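A structural walkthrough
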Amino acid sequence: MSLCLPLPRATLIELVSRSRCAACPSRGVFQGDLRNTDDLEKVFAARRYDAVIHFAGLKAVGESVAHPEMYYENNLIGTINLYKSMKEHGCKKLVFSSSATVYGWPEVIPCVEDSKLQAANPYGRTKLILEDMARDYHRADTEWSIVLLRYFNPIGAHSSGEIGEDPKGIPNNLLPYIQQVAVGRLPELNVYGHDYPTRDGTAIRDYIHVVDLADGHIAALKKLFDSPDIGCVAYNLGTGRGTSVLEMVAAFKKASGKEIPTKLCPRRPGDATEVYASTEKAERELAWRAQYGIEEMCRDQWNWAKKNPYGYCGGAKK
Ligand code: WQD
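Description of the structure in this document. The structure presented is a predicted model; accordingly, all values stated were derived computationally and were not measured.

Cut-offs and rules
Starting from 1, residues in each chain are numbered consecutively following that chain's sequence as written. Local features in this predicted model are restricted to residues whose pLDDT is 70 or higher, and side-chain atom pairs enter the listing and the counts only when it is 80 or higher, whereas totals over whole chains, interfaces and linings include all residues. Note: side-chain values were computed over all heavy atoms of the structure, leaving out hydrogens and water. Each pair of aromatic rings taken from Phe, Tyr and Trp, with Trp reduced to its six-membered ring, is defined by centres within 6.5 Å and is described as stacked if the planes are under 30 degrees apart, edge-to-face if over 60, and tilted in the remaining cases. Only DSSP runs of H or I reaching four residues or more are called helices, and only runs of E reaching two or more are called strands; each is numbered from the N terminus. When a residue's accessible area, from a 1.4 Å probe over protein chains only, is under 20% of the maximum for its type it is buried; when over 50% it is exposed; and in between it is partly exposed. Ring-over charges, as used throughout, are those where CZ of Arg or NZ of Lys falls within 6 Å of the ring centre and within 35 degrees of the ring normal. Here, proximity means that at least one heavy atom of the residue falls within 4 Å of the molecule or strand. Counting of polar contacts relies on pairs of N or O atoms within 3.5 Å, with two restrictions inside protein: one atom must be capable of donating a hydrogen and the other of accepting it, and residues adjacent in sequence are counted only when both atoms are side-chain atoms. Values of accessible area rely on a 1.4 Å probe in the Shrake-Rupley scheme; residue burial ignores everything except the protein chains shown. In the scheme used here, Gly and all other residues not listed as nonpolar or charged are polar, with Ala, Val, Leu, Ile, Met, Phe, Trp, Tyr, Cys and Pro taken as nonpolar and Asp, Glu, Lys and Arg as charged. Residues belong to one nonpolar core when they are buried, are Ala, Val, Leu, Ile, Met, Phe, Trp, Tyr or Cys, and are joined through side-chain atoms within 4.5 Å. Whether two residues are in contact is decided by their heavy atoms: any pair within 4.5 Å suffices. Pairing between strands requires that DSSP locate at least two bridges from one strand to the other. Helices are assigned an expected span. That span is 1.5 Å times one less than the residue count. Picture the helix axis, draw a direction to every C-beta atom, and the arc is the one those directions span.

A word on the packing of aromatic side chains. Under the defined criterion, the tally for this structure stands at seven aromatic pairs. Pairing Y83 with W144 gives two aromatic rings, centres 5.2 Å apart and planes at 75°, and the pair type is edge-to-face. Of this pair, Y83 sits in helix α3 (residues 68-88) while W144 sits in the loop between α4 (122-140) and β6 (145-151), placing them 61 residues apart in sequence. As far as the burial class goes, Y83 and W144 line up, both buried. Between the aromatic rings of W304 and Y312, the centroid separation amounts to 5.0 Å while the plane-to-plane angle is 50°, which identifies the pairing as tilted. The class for W304 is buried, based on a relative accessible area of 0%. We classify Y312 as partly exposed; its relative accessible area is 40%. One aromatic cluster in this structure is built from Y83, Y137 and W144. Taking NZ or CZ as reference, R267 lies 4.1 Å from the ring centre of Y196, over its face. Seen from the ring of Y235, K281 lies directly overhead, with NZ or CZ sitting 5.2 Å from the centre.

Right, let's get into the site of the ligand. Taken together, the neighbourhood of the ligand is formed by 21 residues, with Y123, N190, R205, R268 and D271 sitting nearest. One nitrogen or oxygen atom from the side chain of S99 is found 2.8 Å from an oxygen atom belonging to the ligand. At 3.0 Å, a side-chain N or O of N173 approaches an oxygen atom of the ligand. Burial of the ligand by the protein chains amounts to 94% of its free accessible area of 690 Å². Partitioned by chemical class, the residues of the shell around the ligand number eleven nonpolar, six polar and four charged.

We now examine the nonpolar core. In terms of nonpolar packing, the biggest core is built from 22 residues, with F44, V52, Y83, M86, L94 and I146 touching the most fellow members. Of all elements in the fold, only α1 (37-46), α3, β5 (93-99), α4 and β6 reach the threshold of two or more residues within this core. Sequence-distant contacts of Y83, defined by excluding residues within four places in its chain, comprise L94, M133, A134, Y137, W144 and I146. Membership of the second largest hydrophobic core comes to 21 residues, among which are L175, L189, M248 and V249.

As a further point, take the environment of N303. Along the chain, N303 falls in helix α9 (residues 294-307). In the structure, N303 is positioned 66 residues away from L237 in sequence and 24 Å away in space, judged by C-alpha atoms. Apart from residues lying up to four places away in sequence, N303 is in contact with S159, S160 and G161.

As a further point, take the pairing of strand β4 (residues 51-54). Burial along β4 is two-sided: A51 and I53 and V52 and H54, pointing in opposite directions, are all buried. Pairing of β4 with β5, which is carried by three bridges, proceeds in the parallel orientation. The residue of β5 that forms the bridge with I53 is V95.

Helical periodicity: at 3.6 residues per turn, an α-helix aligns residues three or four positions apart in one direction. Compared with the 16 Å implied by 1.5 Å per residue over twelve residues, the 16 Å span of helix α7 (residues 245-256) between its first and last C-alpha is a close match. Turning to α7, its buried residues number three or more, namely V245, M248, V249, A251, F252 and S256. Along the axis of α7, the buried residues cluster in a sector spanning 165°; they form a single face.

Everything listed here is a matter of geometry and, on its own, says nothing about what the molecule does.
Quick look at the structure:
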């Protein structure tokens, strides 16, 4: 999904790529595919945009290893088409969803934005290529103002319980998997690796509430308009704190009151031991800092799960 913004009006024009949003061009919601240039032309012909927030991309690490062609086609071609349409229509402000996976297996933690960049899987490689593309586009045409937001591990849901993550098939990521165990859709959680050199032997990540992540995008957009000569800049969106797999299980049990059966398994290939962010740069330059802790993340994720045990499809088993 990408949002095209005709600021200062508040309406968001959503260019959705294979999303569930019902298309409604009159309301400014377009359903389309970034790989289809005709879809893009319909959006950009509709009105003038001042900026784009580009979220659209495949993001499951395991799937990217099994089907790299899907990831290169969807993530790269879609973005190249978007840049071309933006340039043709004089829109050169972009907020791009990058990822902490561009740090690969970080040699130094916390990760700072000028840490060594390396990809550990096809998904991460597409993000790294797209970051390099953004830097090259800006070098060639300094009218481009681009903010690259490196997401750490987004979890949680909107506090209303009406909007949440609803992965197709068996979840790849930890929290959606724990969530489905808690609602009884899956029998137990496989804990991948319990021999890591960490406080409890399980891997550590920087989990960030999805609402904090959304606020980070608003702060990035504000930066683009307040500092039009910003160039192409990356910011970490994390909390600056690491949580282990077993600590996440305990937190979700506390939030949900549900048992989460676990099975200790070998490490998952490609996983890093410990990854968490330095958030100093975003705090300093975006005046942004994550507000929610693990307890609120699990509270809101459980609130969504118990109201929507089968996601947006209601009671239908998927
Ligand atoms: C977290 C930890 C697993 C599932 C992902 C993707 C990408 C990126 C960051 C945005 C790891 C362990 C997991 C399970 C487990 N986000 N785990 N049992 O791999 O850090 O990265 O988030 O770009 O989405 O790269 O997240 O949630 O898959 O795993 O033990 O059933 O949980 O081994 O240590 P990851 P994850």
